[in-house]
Amino acid sequence: MTAHFLIQVDVPRALVRITMSGFFDAAAIARFLAARDAAHALLTCGANAHVTLVDIREMDIQAQGSVAEFRAVLADPRHASRRLAFVVARSLARSQIRRAAAERAACYFETVEQAEVWLLGAESAAA
């Protein structure tokens, strides 16, 4: 399955929503990173003050090279979010994202709603 992704930015809540599906080769990862960088440029919060929700329930099992590339992406402090939530299916892809995000304090959820509650929970409690 070809790689697909959608990146949406909720500027007032400093929330970046990413949906990814399919198989990501090096070219697809490069396209994703360009789109991610453009989305981050829309944020008005301080550097690394945003939260990110990544829905990968429809993502295929990735080649080890792609997992390594995503590990490097996630380890890059220039684009790190304050909080990072992954919505994952119960599959090998779940263990792949855990390996790729090993350097990050990420949480894993089965629904978008659960992930969003956790991501925005601190703001809700402060209000």
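Located above this text is the structure these notes cover.
Cut-offs used in this document
- Residues numbered from 1 in each chain as written.
- Predicted model: local features only at pLDDT ≥ 70, side-chain atom pairs only at ≥ 80, totals over all residues.
- Heavy atoms only, no water.
- Helix = DSSP H or I, 4+ residues; strand = E, 2+ residues; numbered from the N terminus.
- Rg over C-alpha atoms; globule rule 2.2 N^0.38 Å.
- Buried < 20%, exposed > 50% of the residue type's maximum accessible area, 1.4 Å probe, protein only.
- Core = buried A, V, L, I, M, F, W, Y, C linked by side-chain atoms within 4.5 Å.
- Contact = heavy atoms within 4.5 Å.
- Pairing = 2+ DSSP bridges.
- Phe/Tyr/Trp six-rings, centres within 6.5 Å; stacked < 30°, edge-to-face > 60°.
- Salt bridge = Lys/Arg side-chain N within 4 Å of Asp/Glu carboxyl O.

### Observations concerning the overall build of the protein chain
Each helix and strand in the protein chain was counted, giving four helices and five strands. In the protein chain, the succession of helices and strands from N to C terminus is β-β-α-β-α-β-α-β-α. On C-alpha atoms alone, the protein chain measures out to a radius of gyration of 14 Å, which is about the 14 Å that the 2.2 N^0.38 rule sets for 127 residues. In terms of principal-axis extent, the alpha carbons of the protein chain reach across some 45 × 30 × 25 Å. With 127 residues in all, the protein chain has 42% of them scored as buried.

### Observations regarding the nonpolar core
Counting 25 residues, the largest nonpolar core has Met-20, Phe-24, Ile-56, Phe-70, Phe-86 and Ile-97 as the members making the most contacts within it. At the level of elements, β2 (15-22), α1 (26-42), β3 (51-59), α2 (64-75), β4 (83-87), α3 (92-100) and β5 (106-109) are the ones that each hand at least two residues to this core. Residue contributions to this core peak at four residues, all from α1. Residues contacting Ile-56, with those up to four places away along its chain left out, are Met-20, Phe-86, Val-87, Val-88 and Ile-97. Residues Val-51, Ala-85, Phe-109 and Leu-119 belong to the second largest nonpolar core, which totals nine residues.

### Observations concerning the pairing of strand β1 (residues 4-10)
Of the strand pairs in this sheet, β1 and β2 are connected by seven bridges, and their pairing is antiparallel. The residue of β2 that forms the bridge with Leu-6 is Thr-19. Hairpin connection from β1 to β2: four residues lie between these consecutive antiparallel strands, with Ala-14 at a positive phi of about 50°.

### A look at the packing of aromatic side chains
Applying the stated criterion to the full structure yields five aromatic pairs. Taking 5.5 Å as the distance between ring centres and 90° as the angle between the ring planes, the aromatic pair formed by Phe-5 and Phe-32 counts as edge-to-face. Residue Phe-5 is located in strand β1, and its partner Phe-32 is located in helix α1; the two are separated by 27 residues in the primary sequence. Accessibility expressed as a relative area gives 27% for Phe-5, which makes it partly exposed. You can call Phe-32 buried: its relative accessible area is 6%.

### Considerations on the pattern of salt bridges
Between side chains of opposite charge, pairing is possible as soon as their charged atoms come close. In this structure the tally under the stated criterion is six salt bridges. The partner of Asp-37 in a salt bridge is Arg-36, with the nearest N and O atoms 2.8 Å apart. For Asp-37, a relative accessible area of 34% translates into the label partly exposed. Assessed through its relative accessible area of 10%, Arg-36 is described here as buried. With a closest N to O distance of 2.6 Å, Asp-55 and Arg-57 form a salt bridge. For Arg-57, a relative accessible area of 35% gives the class partly exposed. In this structure, a network of salt bridges that share partners links the residues Asp-10, Arg-13, Arg-17 and Glu-116.

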